[in-house]
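# Observations on the model geometry
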Amino acid sequence: MKNQGWLKIILVSCSISLCQLAIAKDAPKVEYFVQGCNELVQIYKTRSEQRLLAAQTTSLSEALRAGYCKGVIEMYKQQHDYYCSADWYEIADFVSKQLGSESKFGRIESLLEIGCNE
């Protein structure tokens, strides 16, 4: 049960400056973002329900990557709410499916734009 607390904290905590940096031109690698979204989708069964034992089977580094993905998505949605109809889970699911072919997008923002309209 202790693990669930830190998992939730990590998943919802992504500093605004880090999330804005991720969307910016000099962003961290797209691969890291896609990997984080893959971790996030594996942790959650649905947008509101964690998988059984996710807190016990998720490492700290996996939770950090997942939290990074969720934070970036939520920041992007706040800034582009007028045209982004998808929720965070739908976007994360789309992004996670790009694992292995993420280099064709070049930028995190490109993935988010497409994910918002899927």
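Residues numbered from 1 in each chain as written. Predicted model: local features only at pLDDT ≥ 70, side-chain atom pairs only at ≥ 80, totals over all residues. Heavy atoms only, no water.

### Here we look at the overall build of the chain
Counting its secondary structure elements, the chain contains seven helices and two strands. The proportion of buried residues among the 118 residues of the chain is 47%. Within the chain, contacts between residues at least 6 apart in sequence are counted, and of these 77% link residues at least 24 apart. Carbon and sulfur atoms make up 52% of the accessible area of the chain, which totals about 6500 Å². (Helix = DSSP H or I, 4+ residues; strand = E, 2+ residues; numbered from the N terminus. Buried < 20%, exposed > 50% of the residue type's maximum accessible area, 1.4 Å probe, protein only. Contact = heavy atoms within 4.5 Å. Areas by Shrake-Rupley, 256 points an atom, 1.4 Å probe, with all protein chains shown as cover.)

### Some points on the confidence of the model for the chain
Low-confidence regions, as indicated by low pLDDT, have predicted coordinates that should not be scrutinised in detail. Considering every residue of the chain, the mean pLDDT works out to 76; 66% of them sit at 70 or more. Considering each helix and strand of the chain separately, the mean pLDDT is smallest for helix H2 (residues 16-23), with a value of 50, and largest for helix H6 (residues 88-96), with 93. (pLDDT = per-residue confidence, 0-100.)

### Notes on the state of the cysteines
What makes a disulfide is a covalent bond joining the sulfur atoms belonging to two cysteines. Under the defined criterion, the tally for this structure stands at two disulfides. Between the sulfur of Cys 37 and that of Cys 69 lies a disulfide, 2.0 Å long from S to S. Because the sign of the S-S torsion sets the handedness, a value of about 90 degrees for the bond joining Cys 37 and Cys 69 places this disulfide among the right-handed ones. Here the residue Cys 37 occupies a position in helix H3 (residues 30-43), and Cys 69 occupies one in helix H5 (residues 60-79), the gap between them amounting to 32 residues. Relative accessible area serves as the criterion here: at 0%, Cys 37 is assigned to the buried category. Here Cys 84 pairs with Cys 116 through a disulfide, and the sulfurs are 2.0 Å apart. (Disulfide = S-S within 2.5 Å.)

### Some details on the nonpolar core
With 27 residues, the main nonpolar core has Phe 33, Ile 73, Ile 91, Val 95, Leu 111 and Leu 112 as its most contacted residues. Listing elements by their share of this core, those giving two or more residues are H3, H5, H6 and helix H7 (108-116). Considering every element that reaches this core, the biggest residue donor is H3, with seven residues. Contact partners of Phe 33, with chain neighbours within four places excluded, come to Tyr 68, Cys 69, Val 72, Ile 73, Val 95, Ile 108, Leu 111 and Leu 112. (Core = buried A, V, L, I, M, F, W, Y, C linked by side-chain atoms within 4.5 Å.)

### Concerning the packing of H5 against H6
At a minimum axis separation of 10 Å, H5 and H6 run at an interaxial angle of 120 degrees. Of the possible angle classes, the one that applies to H5 and H6 is oblique. Between H5 and H6 lies a crossing whose hand is right-handed. In contact with Cys 69, Lys 70, Ile 73, Glu 74 and Lys 77 of H5, H6 contributes Trp 88, Ile 91 and Ala 92. Here the contact of H5 with H6 is built from residues that sort into five nonpolar, no polar and three charged. (Axes fitted to C-alpha atoms, helices over the stretch in contact; angles between N-to-C directions. Parallel < 35°, antiparallel > 145°, perpendicular 65-115°, else oblique. Left-handed = near helix turned anticlockwise from the far one by under 90°. Nonpolar A, V, L, I, M, F, W, Y, C, P; charged D, E, K, R; others polar.)

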